[in-house]
Amino acid sequence: MNEMTAENLRSAYGGESQAHMRYRIWADKAEKEGFPNVARLFIAVAYAEEVHATNHFTALKNVEGDHLVASMGGFGIGSTSENLKGAADGEHFEIHQMYPAYLAVAKMQKERAAMTSMHYALEAEKVHERLYLEAKKSVDNGEDYDIGDVHICDVCGFTAIDGAPDVCPICGAKRERFTVFTK
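Below is a summary of the structure that appears in this document. Quick caveat: nothing in here was measured; it's all calculated off a predicted structure.

Residue placement: G142 occurs in the loop between α4 (112-140) and β1 (150-153). For G142, a relative accessible area of 61% puts it in the exposed group. Here the alpha-carbon distance between G142 and S81, two residues 61 residues apart in the chain, equals 9.8 Å.

Right under this line is the structure:
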């Protein structure tokens, strides 16, 4: 694998891994503040970030050894509203800066597995940003986010709150490949 693409995949893996844990921590905070649906959203999206990290790790199939990994990692435990803003800001960075640049390099270097992994994450993050911003509006109004079950595609991390689609709009996986996070 070309070193620049490998470095980008390692960075993306690190960022997604950190997001996974950060969202789980912020879910605990939301639960304590009386926002169980926001907590469930954080837990579900944490799983989606785990899917992204796994895809990036798998795309690095022929890269071995220890590497210093530079990745974006937000820190701090604020209020649920502040945490939702932090989550949306992180997703926004990935959508508008990180993944477009990483994807362009992978395309230039014709690294197909990296291109697929990064495309899946980029498209899923667009949904995550929107959901976090919607949840923040609810929390800022003193209300929990009004959502039912959250469905996460096990292949690409796509997130649906209005029922799992028959076919994932990002990767084409069938409905059976979705993990459900219920009330």
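Further remarks concern the pattern of salt bridges. One pass over the full model with this rule turns up 7 salt bridges. Residue K136 pairs with D140 through a salt bridge whose shortest N-O separation is 2.6 Å. Taken as a pair, K136 and D140 lie in helix α4 at a separation of 4 residues, close to a single helical turn. Residue classification places D140 among the partly exposed positions, given a relative accessible area of 44%.

Applying the stated criterion across every chain, the model contains 8 aromatic pairs. Residues Y23 and F42 carry aromatic rings whose centres are separated by 5.8 Å and whose planes lie at 40° to one another, so their mutual orientation is tilted. On the criterion of sequence distance, the pair formed by Y23 in helix α1 (residues 3-32) and F42 in helix α2 (residues 36-59) is long-range, its members being 19 residues apart. Using a relative accessible area of 2% as the deciding quantity, one classes Y23 as buried. In this arrangement the basic side chain of R22 is found over the ring face of W26, its NZ or CZ atom lying 5.8 Å from the centre.

All right, on to the side chain of E111 then. Its place among the elements puts E111 in the loop between α3 (80-108) and α4. Those residues within four positions of E111 in sequence are excluded, and the remaining contacts are M1, N2, T5 and A106.

Turning to the nonpolar core, a few remarks are in order. Within soluble globular proteins, side chains that are nonpolar generally end up buried alongside one another. Core analysis: the biggest nonpolar cluster contains 39 residues, and Y23, V38, F42, Y132 and F158 have the highest contact counts within it. Of all the secondary-structure elements, those providing two or more residues to this core are α1, α2, α3, α4, β1 and β3 (178-181). No other element matches α2, which puts 8 residues into this core. In terms of nonpolar packing, the next biggest core, distinct from the first, is built from 16 residues, Y102, L103, A106 and M115 among them.

Conventions adopted
Along each chain, numbering runs from 1 in the same order as the chain's sequence is written. Local features in this predicted model are restricted to residues of pLDDT 70 or higher, and side-chain atom pairs are both shown and tallied only at a pLDDT of 80 or more, whereas totals for entire chains, interfaces and linings draw on every residue. By convention in this description, side-chain values take in all heavy atoms of the structure and omit both hydrogens and water. By the criteria applied, helices consist of DSSP H or I runs no shorter than four residues and strands consist of E runs no shorter than two, each listed in order from the N terminus. For each residue, the accessible area found with a 1.4 Å probe, counting protein chains only, is set against the maximum for its type, and the residue is called buried under 20%, exposed over 50%, and partly exposed in between. By definition, a salt bridge exists where a carboxyl oxygen of Asp or Glu is found within 4 Å of a side-chain nitrogen of Lys or Arg. Ring geometry is summarised as follows: Phe, Tyr and Trp rings, the Trp one being its six-membered ring, pair when their centres sit within 6.5 Å, and such pairs are stacked at plane angles under 30 degrees, edge-to-face over 60 and tilted between the two. Definition used: whenever NZ (Lys) or CZ (Arg) falls within 6 Å of the ring centre and also within 35 degrees of the ring normal, the charge is taken to sit over that ring. We call two residues in contact whenever any of their non-hydrogen atoms come within 4.5 Å of each other. Remark: nonpolar core denotes a set of buried residues (Ala, Val, Leu, Ile, Met, Phe, Trp, Tyr, Cys) joined through side-chain atoms within 4.5 Å.

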